[in-house]
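Observations on the model geometry
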Amino acid sequence: MAKRIFIVEDEEDLMEYYVEALEISGHEVVGCAGNGAEAVDKFSKLSVKPDVIIMDHRMPIKSGIDATREILAMDPGAKVIFASADKSVENEARALGVISFKPKPFNLERLLTNIDKASSLPVSSKSNR
Amino acid sequence: MTEPTEESRKNQVADTRGQQGGDRAGVFSGDCALSDKDKLDAILRALPDIVFYFDREGRFKDYYAPEPVKLYEQPERFLERKIEEVIPGETGAALLDAFRRARDTGEKQVLQYSLDIAGGTHYFESTYIPIVKKGLPVDHVMAVVHDVTDRKRTEHALRRSEQEKATVLNATSELVIYYDTEMKILWANRASAESVGLSSERMVGRSCYELWYGTDALCEGCPVAIALKSGSDAEDEIRTPDGKDWYIRAYPAKNTEGEVVGVVELALDISDRKKTEAELKRAKEYAESLIETANVMVVGLDENGSIVLFNKTAEKITGYTREELHGKNWFELITPKDKYPEVWRVFDDWRKKNKGIIKSFDNPIITKSGEERYISWTNNEVVGNSGKNETISFGVDITKRKRAEEALMESEQRYKSLAEAAQDLIFIIDREGIVQYVNSFAAEMVGKTPEDIIGGKRDGLFSENVSTRQRRNLQKVFETGEAVHVETITSFGSRSTWLDTQLVPIKNAAGEVVSVLGISRDISERKQAEEQVLRAKQEAEFYLDLMSHDLTNFNQTILGNITLIEMQSDLSEKQKKYIESCKRQLGRSENLISKVRAFSQIKHINRQNFRVMDLNKIVADAVNMVKTLYPNKVDEIEFKPSGSKTARGTELLDSVLTNVIENAVKHTKDEKAHVEVSIVDSERDPEGFWEIRIADGGPGIPEEMKERIFDRYLKIGVEKGMGLGLSLARAVTEKFGGNIWVEDRVCDGVPSGSVFKIAIPKVKE
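A brief structural summary. (Residues numbered from 1 in each chain as written. Chains lettered and ligands numbered in written order. Predicted model: local features only at pLDDT ≥ 70, side-chain atom pairs only at ≥ 80, totals over all residues. Heavy atoms only, no water.)

1. Side note on the interface of chain A and chain B
Here is the rule we go by: In this analysis, two residues are considered to be in contact whenever any of their non-hydrogen atoms come within 4.5 Å of each other. Throughout, the accessible surface (probe 1.4 Å) given up by two parts as they are put together, summed over both, is called the buried area. Between Lys or Arg on one side and Asp or Glu on the other, a salt bridge is scored when a side-chain nitrogen of the former is within 4 Å of a carboxyl oxygen of the latter. Pairs of N or O atoms are called polar contacts if they sit within 3.5 Å, as long as, within protein, a hydrogen donor faces a hydrogen acceptor (for residues adjacent in sequence, only side-chain-to-side-chain pairs). Here a helix means four or more residues in a row that DSSP labels H or I, a strand means two or more in a row labelled E, and each is numbered from the N terminus. Polar here means any residue outside two lists: the nonpolar Ala, Val, Leu, Ile, Met, Phe, Trp, Tyr, Cys and Pro, and the charged Asp, Glu, Lys and Arg; Gly therefore counts as polar.
Contact residues are listed per partner, giving 19 residues for chain A and 20 residues for chain B. Summed over both partners, the interface of chain A with chain B comes to about 1,900 Å²; 58% of that surface belongs to carbon and sulfur atoms. Of all residues in chain A, the largest losses of buried area upon contact with chain B belong to Tyr17(A), Arg58(A) and Pro105(A), amounting jointly to 30% of the total for that side. At the surface where chain A touches chain B, the tally comes to 2 salt bridges. In this structure, Asp545(B) and Arg58(A) form a salt bridge, with 2.2 Å as the shortest nitrogen-oxygen distance. Here chain A is connected to chain B by 3 residue pairs in polar contact (both at pLDDT 80 or more). Looking at which element gives the most residues to the side of chain A that touches chain B, the answer is helix 1 (residues 12-24) of chain A, with 6 residues. Taken together, the residues of the side of chain A that touches chain B sort by class into 8 nonpolar, 2 polar and 9 charged.

What follows is the structure, encoded as structure tokens:
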């Protein structure tokens with residue numbers, strides 16, 4: 001089942017991979033952002049919120065942790081898959097309420113599994129994520 | 001005329017007794033030509049006595065008085081008067097009584113009495129003689145009155161003298177006894193009587209050996225017997241059965257012919273003296289024994305310095321025997337003047353009485369062997385047997401102490417030199433914050449000399465902040481008694497210096513901290529180097545982090561794009577093979593990044609970062625990771641999750657398990673690796689630990705290598721990274737409170753590979 005995905009990643013090549021792989025896999029990429037600030041801005045302007053947000057951490061201007069905090073503040077039901085090469089922020093990200101933490105590198109299969117799992121989760125409290 | 005005295009009355013009673021008159025020896029024969037009257041007149045003129053004639057009624061009828069002055073009354077006042085009318089009172093009555101008895105019995109009566117006449121008392125002895133005519137009753141009585149005043153006075157004086165002597169002898173505590181020639185007691189004084197518990201009178205007639213010894217035989221060596229026999233004085237000391245000691249002197253009493261008529265014994269109780277003498281003797285022997293056995297030298301010198309007393313210890317220390325030294329001059333022999341003039345001067349000052357004796361004095365002496373020894377003397381002045389002043393000195397050999405003190409001083413000097421030469425700040429501070437010592441280097445740091453600082457307060461040398469901090473650190477040492485180590489920045493003028501300071505307590509014999517020794521080293525350069533190292537390390541970690549992060553991102557992009565290529569449907573077999581090769585290398589790249597990152601993170605592991613981890617999941621992930629990394633090598637990795645198995649740790653446990661499982665796969669020599677993974681209760685502590693076992697069918701690990709393989713820098717065979725992986729595994733498991741080790745895998749009693757065991761604490765409910 002196609003999901004609406006919002007991708008936040010500062011690496012252009014990786015961003016392109018995400019878009020192409022997800023679209024090939026049948027999902028709809030509803031927006032992309034190259035840093036946390038842009039992500040927050042674009043997310044706020046989306047009239048229809050995405051099913052899943054794929055969020056990088058280390059990005060210019062605003063980090064993934066800060067962006068996630070603001071997005072979740074705006075929309076506590078937002079489902080964020082935190083995808084980072086920085087494992088040190090895992091606890092912090094989980095504490096914010098992300099759906100899952102994917103340490104890079106991961107294969108597409110796992111990402112898609114996580115997207116399916118995330119979108120099927122009910123909108124509820126952090127403890128369920 | 002006076003009443004008769006008490007004594008005279010006694011005499012009256014004693015002496016008034018009837019005597020037979022008419023003694024023929026006193027009667028004229030009658031053949032003389034003279035008449036009786038003439039004869040009587042002649043007799044009366046020859047007598048000094050007064051003669052009275054009484055009629056039968058007792059009237060004075062006549063008298064004869066050669067010395068009328070001795071008459072009690074004038075003749076006209078007593079003639080024709082009765083006795084009781086002339087002499088009143090008891091004397092008159094006694095005279096009358098004697099008169100009557102003479103008259104009535106016809107027997108002579110004698111009466112002694114006294115009368116006050118001619119200004120004095122006179123003693124008389126009256127003899128009443130009845131004058132009898134044959135066949136007729138007594139008609140007249142004649143009284144011959146003899147003046148016995150002189151005799152009486154002599155008797156009185158003698159009696160008084162004897163009484164006085166008796167009083168004196170009774171008053172003395174010395175026993176005085178007079179014996180007859182048969183050694184029977186004639187007289188004994190009160191002290192003698194008391195000593196045997198009898199009265200003096202009851203002692204009379206008894207012998208001394210009977211009374212004091214209870215025997216009937218003479219004592220051997222008895223001074224009384226000796227005096228009696230020899231006629232000379234004798235003396236001796238004896239002890240009676242009651243335990244008393246006596247000093248006996250016996251003096252023979254002789255008559256005018258020089259014959260021994262008795263013996264006077266004087267016995268002095270010398271029990272106390274004897275006891276005191278015995279005690280003195282004991283005390284003397286004790287003192288001599290003490291002196292002899294004392295562990296100190298005891299030396300007595302007369303006022304010329306000659307040796308009069310010298311004990312064994314003195315012999316031992318000096319090497320001289322007392323025979324060698326007796327009478328010799330101590331100073332000339334033991335403390336020669338050329339070497340020790342001060343000792344001579346001190347003794348000379350005492351001898352010439354310039355100064356009193358110096359009670360305590362330390363000086364060296366020269367022993368017989370020529371060795372110099374130090375003696376600490378305690379001196380006393382005493383009066384010797386000669387009556388002259390002497391010295392007695394007690395000396396303790398302090399040579400060892402002296403040498404130790406000298407060595408200590410030398411040592412102190414050495415340490416002081418060391419301290420002075422040191423390029424460290426060295427100081428000693430007491431409880432009051434007073435600087436007891438500071439070396440030149442430290443003094444120079446504060447722009448002063450040691451003399452400026454020593455004895456002054458520490459806190460005046462530094463700023464208030466620094467001083468307060470120093471006081472706090474010093475206080476900690478004083479309170480805990482333990483050393484304190486601090487690294488601080490201290491300002492010396494305008495320059496700030498890093499000081500590494502060790503504060504060490506200095507304790508007294510009672511264990512109390514009396515001061516603190518501080519050694520501070522300028523570590524500014526080291527600190528700068530450390531900061532540089534720290535910065536370099538931080539930079540390295542930063543670059544490592546940056547590199548590993550970015551490399552991971554690159555790998556992620558490559559992996560993603562490979563995935564996209566794989567999704568193409570028209571790939572040839574060769575293309576697919578190349579793609580697999582790329583994926584394997586990407587996996588190894590990521591594995592290496594993961595290990596390096598893990599090592600850099602070990603030091604940051606602490607319990608606060610721990611979270612509860614599901615071991616089943618972690619092990620399953622690790623198994624999958626290895627399967628991905630070695631798709632062709634892995635035949636099978638058996639793992640069957642079961643139950644709830646949780647432990648506390650961090651994500652590094654993933655790396656540990658991946659590494660160990662990867663090793664098991666890599667080191668299997670067979671073409672295909674078969675690995676068994678399980679989680680069980682620990683054999684060693686089933687309640688407290690899980691044990692994750694990774695068993696392989698490899699060649700096994702030799703015994704001597706079982707520990708070494710966890711060495712960080714060890715590599716076995718051609719495979720890379722094993723040492724890094726296993727040392728990482730041990731470091732991480734230990735941080736988690738667990739351990740990792742390897743054992744032989746044994747199947748059916750045959751060694752067939754290795755079992756790596758990871759013990760990790762269970763999460764307690």
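Once the structure has been displayed, the description carries forward.
2. Looking at the packing of helix 2 (residues 36-45) of chain A against helix 3 (residues 64-74) of chain A
Residue and element names in this part refer to chain A. So the rule is basically this: A fitted line through C-alpha atoms represents every axis, and for helices the fit uses only the stretch in contact; the resulting angles, taken between N-to-C directions, go from 0 to 180 degrees. If an angle is under 35 degrees, it is roughly parallel; if it is over 145, roughly antiparallel; if it lies from 65 to 115, roughly perpendicular; otherwise it is oblique. Two helices crossing with the near one rotated counterclockwise from the far one by less than a right angle form a left-handed crossing, whereas a clockwise rotation gives a right-handed crossing.
For the pair helix 2 and helix 3, the least separation of the axes is 9 Å and the interaxial angle reads 15°. Our classification of the angle between helix 2 and helix 3 gives roughly parallel. Between helix 2 and helix 3 the crossing geometry is right-handed. Of helix 3, the residues touching helix 2 (which contributes Gly-36, Ala-39, Val-40, Phe-43 and Ser-44) are Ala-67, Glu-70, Ile-71 and Met-74.

3. Focus on the sheet that holds strand 4 (residues 80-84) of chain A
Hydrogen bonds between backbone atoms are what pair the strands of a sheet, whose relative direction is either parallel or antiparallel. Residues and elements named next belong to chain A. Heads up, the rule is: Two strands are counted as paired when DSSP detects at least two bridges linking them.
Strand order in this open sheet of 5 strands is 2-1-3-4-5, and the pairing throughout is parallel. The sheet is open, and its two borders are formed by strand 2 (28-33) and strand 5 (100-103), each paired with just one other strand. The sheet shows a mean angle of 20° between the axes of neighbouring strands, taken without regard to direction. Across the sheet, helix 1 touches strand 1 (4-8), strand 2, strand 3 (52-55) and strand 4, and the angle it forms with strand 2 is around 170°.

4. Here's the deal with the sheet that holds strand 12 (residues 297-301) of chain B
Residue and element names in this part refer to chain B. One open sheet accounts for 5 strands, arranged 13-12-16-15-14; its pairing is antiparallel. The open sheet has two edge strands, strand 13 (307-310) and strand 14 (360-366), and neither has a second partner. If you compare each strand with its neighbour and ignore which way they point, the axes differ by 30° on average. Across 9 bridges, strand 15 (residues 372-383) lies against strand 16 (residues 389-397) in antiparallel orientation. In the strand pairing of strand 16, Asn-380 is matched with Ile-392. Along the sheet, helix 16 (residues 399-421) contacts strand 14, strand 15 and strand 16; its crossing angle with strand 15, the most-contacted strand, is approximately 130°.

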